[in-house]
Amino acid sequence: YATAWLKVLLPIARTFAPDLILVSAGFDGAMGDQLGQCKLLPRDYHAMCTPLAQLAPCCLSLEGGYNLNIIGECFAACAMALLGDNMVPPCNLDELSRGCDPTAAADINATIKAHAPFWSSLKQFLQDDIDASVDSIVNEMTGICLDDNNSNSSPSPPDEGGS
C-alpha cells in the first residue's frame, strides 16, 4: 500500500490538484479482516489520509470492512489525520518490516511505466525500480523513526516535492 500510495497515487493526485476529495473508505484491508487479509493498521490509514488532507478538503464515506473490532479505530485514525492530529499509535518494528511483496513491486513499476506518459509527476520514478524494502517508504510516508527507542515520535508531513 505505502509504495503504491507514494510512487503512483499521491504524485498523480498532486498533479491533478483536486478541489475536493471523496474517499470511499473501506477497511477490509485492516488487520484481522478475513476478506482483505492485508493487515493494515490504524496508523497505516492515518498515514494515507494525512497527505490527502493537505491537498484538498476531504469527505470519507464508510463502505466496507468486516472486522468490527478494528473498523472504528481505522476510521478514527483517518478522522484524526483529516483534522491534523498527528498522534498515531506507536511504531511496532515487526509490523513495519513486513515489506513490499516483490510481485506487488513489479506491478507498481509496470503501472508507473504505463502512466508516466500521461502524468509528468511519475517520470521521476521511471529510472528507479521499486524494491521490496519498506523502511524508506514508511519513513517517507510518515516520518516515523524505525528505532525502537524512538517509537513514539510523531510523524511529520510528507515532502510536498515538485510536481
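Rules and cut-offs
- Residues numbered from 1 in each chain as written.
- Predicted model: local features only at pLDDT ≥ 70, side-chain atom pairs only at ≥ 80, totals over all residues.
- Heavy atoms only, no water.
- 1 Å grid on protein atoms, 1.4 Å probe; cavity = no way out; pocket = protein on both sides within 12 Å on 5 of 7 lines; lining within 4 Å.
- Points joined across faces, edges and corners; volume = space filled by probe spheres on them.
- Helix = DSSP H or I, 4+ residues; strand = E, 2+ residues; numbered from the N terminus.
- Nonpolar A, V, L, I, M, F, W, Y, C, P; charged D, E, K, R; others polar.
- Phe/Tyr/Trp six-rings, centres within 6.5 Å; stacked < 30°, edge-to-face > 60°.
- Buried < 20%, exposed > 50% of the residue type's maximum accessible area, 1.4 Å probe, protein only.
- Axes fitted to C-alpha atoms, helices over the stretch in contact; angles between N-to-C directions.
- Parallel < 35°, antiparallel > 145°, perpendicular 65-115°, else oblique.
- Contact = heavy atoms within 4.5 Å.
- Expected span 1.5 Å × (residues − 1).
- Arc of directions from axis to C-beta.
- Core = buried A, V, L, I, M, F, W, Y, C linked by side-chain atoms within 4.5 Å.

Draft legend 1. Spotlight on the layout of surface pockets. The space that makes up the second largest pocket amounts to roughly 290 Å³. Around the second largest pocket sit 17 residues that line it, and Trp 5, Val 23, Gly 26, Tyr 45 and Met 48 are the ones nearest its centre. Of all the secondary-structure elements, those providing two or more residues to the lining of the second largest pocket are helix H1 (2-16), strand S1 (21-26) and helix H2 (42-55). Of the residues assigned to the lining of the second largest pocket, the class counts are 13 nonpolar, three polar and one charged.

Draft legend 2. Structural context of the packing of aromatic side chains. A full pass over the atoms with the stated rule returns two aromatic pairs. Between the aromatic rings of Phe 27 and Tyr 45, the centroid separation amounts to 4.8 Å while the plane-to-plane angle is 75°, which identifies the pairing as edge-to-face. With Phe 27 in the loop between S1 and H2 and Tyr 45 in helix H2, this pair connects stretches of sequence that are 18 residues apart. The exposure class assigned to Tyr 45 is buried, which follows from its relative accessible area of 7%. With a centroid separation of 6.4 Å and 85° between ring planes, the pair formed by Phe 27 and Phe 75 is classed as edge-to-face. A residue pair is termed long-range when its members are at least 10 positions apart, and Phe 27 in the loop between S1 and H2 and Phe 75 in helix H3 (residues 68-82) qualify at 48 residues. A residue is classified by how much of its surface remains accessible, and Phe 27, at 1% relative accessible area, is buried. Chaining the aromatic ring pairs together yields one cluster made of Phe 27, Tyr 45 and Phe 75.

Draft legend 3. Geometry of the packing of H1 against helix H5 (residues 102-115). Contact pair H1 / H5: the axes reach a minimum separation of 10 Å and the direction vectors enclose 10°. Classified by the angle between their axes, H1 and H5 sit roughly parallel to one another. Across the interface between the two elements, Thr 3, Ala 4, Lys 7 and Val 8 of H1 pack against Ile 108, Thr 111 and Ile 112 of H5. Looking at the contact of H1 with H5, its residues break down into four nonpolar, two polar and one charged.

Draft legend 4. Representation of H5 within the structure. Here H5 spans 20 Å end to end across 14 residues, near enough to the 20 Å set by a 1.5 Å rise per residue. Taken together, the buried positions of H5 are Ala 105, Ile 108, Asn 109 and Ile 112. The arc that holds the buried residues of H5, viewed along the axis, is 100°, so those residues lie on one side. Looking at the buried side of H5, the elements it contacts are H1.

Draft legend 5. How the structure looks around the nonpolar core. Counting 19 residues, the largest nonpolar core has Trp 5, Phe 27, Ala 30, Tyr 45, Met 48, Cys 74 and Cys 78 as the members making the most contacts within it. Ranked by the residues each element gives to this core, the list is headed by H3, at five residues. Ranked by size, the runner-up nonpolar core spans seven residues in total, among them Val 8, Ile 12, Ala 116 and Leu 122.

Draft legend 6. H2, seen in detail. For H2, built from 14 residues, the straight-helix expectation of 20 Å at 1.5 Å per residue is met to within 8% by its first-to-last C-alpha distance of 21 Å. In terms of burial, H2 is a largely internal element, 11 of the 14 residues being buried. All of the buried residues along H2 are Pro 42, Arg 43, Asp 44, Tyr 45, His 46, Ala 47, Met 48, Cys 49, Thr 50, Pro 51 and Leu 52.

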